[in-house]
Amino acid sequence: MTYLPQPARLWWQLLIPLGFLIAVTWIFRTTTADIDMIHSLRATFGLKSWEDANVGVWSHVKNYGVIPAFLLAIMAVMGVAIGMTHRKFSQWTRPSFYVIAVFLLGSGLITNVLLKDQWGRPRPKQVIALGGTEPFLKVLEPNFGKAGKSFPSGHATTGYVFFSLGLLLWRSRRRLAIGLLISASILGTLVGLARVLQGGHFPSDVVWAAAIMWFTSLGLLYAFRLQNFTERVAVELPENSRRPKWLAPAIIAGLAVIIGSGLVSIPRSQSAVVLFEKADYGNPSVFEFDFDGILQVVASEKAGLEIDFEGVGSPRSSVSIKLSQTSAGLMGKERRSGILTERNLSGKLRLRPGHYRVKISPAVRTVKLGEPFQNIDRSNPRELTFDLP
């Protein structure tokens, strides 16, 4: 028996979304729509900096918008448990497995493991056109081996995961299914918009997050043979059937994995500026930094260190750079707390005119140093000497 889509379903489930994705991707590939949309959105919401979106309503959308997806995953695990132990609800066993598979495959494996951790697209706040130091890469332009994690938006997929329920209930509860599809679109787009305004993703990253979750939900719907699912048809278990011994440990393990994944998947972000109490730390003024990230050195009227951290981890996890005075100058060392599953740390050293030496540890991935610095000595890759007129 084959389980191919019927022509009517094929039209709206596959061809229309695919055509939309191709058309929108073509626009992003042939124009600067990603950059232009970010400028327009920031102006619309009155945001002058990335940090402005890390407080207030957009911060709440980012932090709490992922919770419904984890609640759905927990309910799906409970659906498996109830379906396998109660004949009345046995028809929900396979649909529950289906929802779990969409969550783990679409939002987990495809988005975060295969694409986001490998593709290397710089985030908006990292590109030169938006105040960063990295070149802008258009959507689907690979940059393998680099630290960028913009493509696609992992947070947005947690909203779009509800596509799975809409497709699942399309035949039996049409109005509810339509409501779920609309709600999934709204939730995923809102979470994605928050990440765009915070400089974490481009609009095209959000579009592709929606596409990944749609086609993952659709493909698994047919893989699980649920395209004609109706909850009114139950599959009765034999009267003498017993609960498998492995079921309870499996359910507990599944809940532990999902809850644990949720606890270490909370978005974390920090921004701080520390002004130096005095402008001179010897001649030359010596600064030493030991942290895993990017260091940018810029000219400024006020000397100080600006820290920008964005990552994912357990509640209250954080990263900071502790400054301390040493006999040689000023030392900045990274300090971490909690559990972080993803981290992006950058420091911006603001200096007034003078003669400087900057020492960096091997952990510092990149040092950005340009105009108007003069007499730059790069003979030692871990020590830069330069003048700032």
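Placed above this text is the structure.
All figures in this text were calculated on a predicted structure; none of them were measured in a lab. (Residues numbered from 1 in each chain as written. Predicted model: local features only at pLDDT ≥ 70, side-chain atom pairs only at ≥ 80, totals over all residues. Heavy atoms only, no water.)

1. Brief notes about a nonpolar patch on the surface
Selection rule: Note on patches: the residues involved have over 30% relative accessible area and no salt bridge, like charges join within 9 Å, and the nonpolar side chains Val, Leu, Ile, Met, Phe, Trp and Tyr join within 5 Å. Areas reported as accessible are Shrake-Rupley estimates using a 1.4 Å probe. Residue values count occlusion only from the protein chains shown. Salt bridges are counted wherever a side-chain nitrogen of Lys or Arg sits within 4 Å of a carboxyl oxygen of Asp or Glu. In this text, helices come from DSSP runs of H or I with a minimum length of four residues, and strands from runs of E with a minimum of two, each type numbered from the N-terminal end. Burial status follows relative accessibility: with a 1.4 Å probe on protein chains alone, a residue under 20% of its type maximum counts as buried, one over 50% as exposed, and anything between as partly exposed.
A contiguous nonpolar surface patch, about 330 Å² in accessible area, is contributed by I178, I182, I186 and L190. Relative to the helices and strands, L190 is located in helix α8 (residues 174–197). Here L190 falls in the partly exposed class, since its relative accessible area comes to 38%.

2. Concerning the pattern of salt bridges
Evaluation of the coordinates by the stated rule reveals 5 salt bridges. Between D205 and R121 there is a salt bridge, and its shortest N-O distance comes to 2.8 Å. You can see D205 sitting in helix α9 (residues 203–223) and its partner R121 sitting in the loop between α5 (93–119) and α6 (154–160), a full 84 residues away along the chain. In this structure D205 comes out as buried when scored by relative accessible area, which is 0%.

3. Some points on the packing of aromatic side chains
Working definition: an aromatic ring pair is given by the centre-to-centre distance plus the angle between the planes. Our working rule: Aromatic rings from Phe, Tyr and Trp, taking only the six-membered ring of Trp, are treated as a pair when their centres fall within 6.5 Å; an angle between ring planes under 30 degrees marks them as stacked, one over 60 as edge-to-face, and anything in between as tilted. The criterion is that NZ of a Lys, or CZ of an Arg, lies within 6 Å of the ring centre and within 35 degrees of the ring normal, and then a charge sits over that ring.
Using the criterion set out here, one finds 11 aromatic pairs in the structure. Ring centres 5.5 Å apart and planes at 75 degrees place the aromatic pair F70 and F103 in the edge-to-face group. One end of the pair, F70, is in helix α4 (residues 67–85); the other, F103, is in helix α5, and 33 residues separate them in sequence. Overall, the relative accessible area of 15% leaves F70 in the buried class. Through a chain of ring-to-ring contacts, the aromatic side chains of W119, F144, F151 and W208 assemble into a single cluster. Over the aromatic face of W50 sits the side chain of R42, whose NZ or CZ is 4.1 Å from the ring centroid.

4. Some points on the environment of V297
Stated precisely, the cut-off is as follows: Should any heavy atoms of two residues lie within 4.5 Å, those residues are considered in contact.
Mapped onto the fold, V297 is located in strand β3 (residues 293–299). Not counting chain neighbours up to four residues away, the residues in contact with V297 comprise L349, L351, K368, L369, F373 and F386.

5. Overview of helix α3 (residues 57–64)
Rules: It is the directions from the helix axis to the C-beta atoms whose arc is reported.
Taken together, the buried positions of α3 are occupied by W58, S59, V61 and K62. Here the buried residues of α3 occupy an arc of 160 degrees about the axis, which is enough to place them on one side.

6. Overview of the sheet that holds strand β11 (residues 383–388)
Inclusion rule: Think of it this way: DSSP has to see at least two bridges between two strands before they count as a pair. Axis definition: a line fit to C-alpha positions, over the contact stretch in the case of helices; interaxial angles, taken between N-to-C directions, run 0 to 180 degrees.
Spatial ordering of the open sheet is given by β5-β6-β2-β8-β11-β10, a layout of 6 strands whose pairing is mixed. Looking at which strands have only one partner, the edges of the open sheet turn out to be β5 (318–325) and β10 (374–380). Recorded for the sheet is a direction-independent mean angle of 20 degrees between the axes of neighbouring strands. The sheet contact formed by strand β2 (residues 285–290) and strand β8 (residues 354–360) spans 5 bridges and is parallel. Residue pairing for β8: F287 is matched across the bridge by V358.

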